[in-house]
Amino acid sequence: MKKFVAAALFLTLGPVAASAADLAYKARPAAVDPGYNWSGFYIGVNGGYAWNNSSDVAVSGSPLITVSQPGAVPFAVGGLRPEGYLVGGQVGWNYQFGAGLVGIEADFDFADINDSRNVDLPAIGPAVRTSASEKIDFFGTVRGRLGGIVSQRLLLFVTGGLAYANVKDTANINEFFAVPGLGRQFIASASDMRFGWTVGAGAEWAFARNWSVKGEYLYYDLGSRTITGPQTNPVGADFGTYNFSTRGNIVKAGLNYKFDWGTPVVAKY
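Analysis parameters
Residues numbered from 1 in each chain as written. Predicted model: local features only at pLDDT ≥ 70, side-chain atom pairs only at ≥ 80, totals over all residues. Heavy atoms only, no water. Helix = DSSP H or I, 4+ residues; strand = E, 2+ residues; numbered from the N terminus. Buried < 20%, exposed > 50% of the residue type's maximum accessible area, 1.4 Å probe, protein only. Contact = heavy atoms within 4.5 Å. Areas by Shrake-Rupley, 256 points an atom, 1.4 Å probe, with all protein chains shown as cover. Core = buried A, V, L, I, M, F, W, Y, C linked by side-chain atoms within 4.5 Å. Phe/Tyr/Trp six-rings, centres within 6.5 Å; stacked < 30°, edge-to-face > 60°. Lys NZ or Arg CZ within 6 Å of the ring centre and 35° of its normal. Polar contact = N/O pair within 3.5 Å; in protein donor to acceptor, adjacent residues only side chain to side chain. Pairing = 2+ DSSP bridges. pLDDT = per-residue confidence, 0-100.

Further remarks concern the overall build of the protein. Looking only at helices and strands, the protein has two helices and 10 strands in total. The order of helices and strands in the protein, counted from the N terminus, is α-β-β-α-β-β-β-β-β-β-β-β. By residue count, 41% of the 269 residues in the protein fall in the buried class. Of all intrachain contacts in the protein linking residues separated by at least 6 positions in sequence, the fraction that spans at least 24 positions is 73%. Just so you have it, the protein exposes about 14200 Å², and 67% of that area is on carbon and sulfur atoms.

This is how it looks when you write it as structure tokens:
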């Protein structure tokens, strides 16, 4: 009798227990996806476009320059606006804390950012031609980054720090330029490394475990400088001075590869 009761209970409750176990298995929560971790070192490439704020080149000189152009000195070349492309690479490091991020990035770009301008000034007497040009042939920054992770794979950030570039400035006052053999010129040039600051903002999207794309805007200011050119053709004691301001804007897109060194690994079971 006991065996019969036990068999009956088994036949009755066995399917129920199996069904309950099956439902419990199906209701088990899926393994948690750890998402994308932004911490770690990365390298990448970038390219973009830069344009300087339109600004005059202030021109002045020794008193005798005003003899051929009464009341015209100082005057300005006007509207010098270097612009052009840049391409290069970057290295950086990020540290993620919750939905926040801090990091540092250094980039270097070969550049072709330039402009030149001539302005002819009809004189009360001999005409005067002023000319100026500016060229940036490489540009780099070292910047901090502070960001917020708005989704697991989308980062918004602000950035700022040091900017540097090789800048070449040239300028000339050419008096009597319309009269062959009578021209009097004051030529000046300088080419050296300039340092300043930059600030900006951007967004970065991680589209794979180790890969991300970014876009950013930077404003930079490399300050101003004055260069002096002595009188040439013919040689004389007079001189011309020229003041250049170098500041502008950059928009860039980039591709980064993040290494897994030091990145926490979350196992899935």
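Attention shifts here to the nonpolar core. Generally speaking, a soluble globular protein has its nonpolar side chains buried in company with each other. Residues V57, V77, A132, I173, I227, Y242 and F244 are the most contacted members of the largest nonpolar core, which totals 16 residues. When residues of this core are traced back to their parent elements, those giving at least two are β5 (100-121), β6 (128-151), β7 (154-175), β8 (184-206) and β10 (239-258). No other element matches β8, which puts three residues into this core. Ranked by size, the runner-up nonpolar core spans 13 residues in total, among them A50, L86, I113 and V167.

According to the stated counting rule, one finds 11 aromatic pairs in the structure shown. In textbook terms, an aromatic cluster arises when at least three aromatic residues are bridged by ring pairs, as seen for F41, W93 and Y95. Its end group placed over the ring of F157, R145 keeps NZ or CZ at 4.5 Å from the ring centre.

Positionally, D107 belongs in strand β5. Relative accessible area serves as the criterion here: at 4%, D107 is assigned to the buried category. Counting along the chain gives 61 residues from D107 to N46, while the straight-line C-alpha distance between them is 8.8 Å. Beyond its immediate sequence surroundings of up to four residues, D107 is in contact with N46, G89, Q90, F139, G140, T141, R143, Y164 and K252. At 2.5 Å, the side chain of D107 forms a polar contact with the side chain of T141.

This brings us to the pairing of β7. On a regular strand, one side chain projects to one face of the sheet and the next to the other, so that they alternate. As paired strands, β6 and β7 are joined by 22 bridges and run antiparallel to one another. What sits directly across from R143, in β7, is G161. If you look at the hairpin formed by β6 and β7, you'll find two residues sitting between the two strands.

Another point: the confidence of the model for the protein. Residues of the protein with pLDDT of at least 70 account for 75%, and the chain-wide mean is 81. A low-confidence stretch, residues 1-21 stays under pLDDT 50, and its non-local contacts, those more than four residues away or across chains, total two contacts. When the criterion is pLDDT under 50, residues 265-269 qualifies, and its contacts beyond four places in sequence or with other chains add up to four contacts.

Moving on: the side chain of R143. Residue placement: R143 occurs in strand β6. The class for R143 is buried, based on a relative accessible area of 1%.

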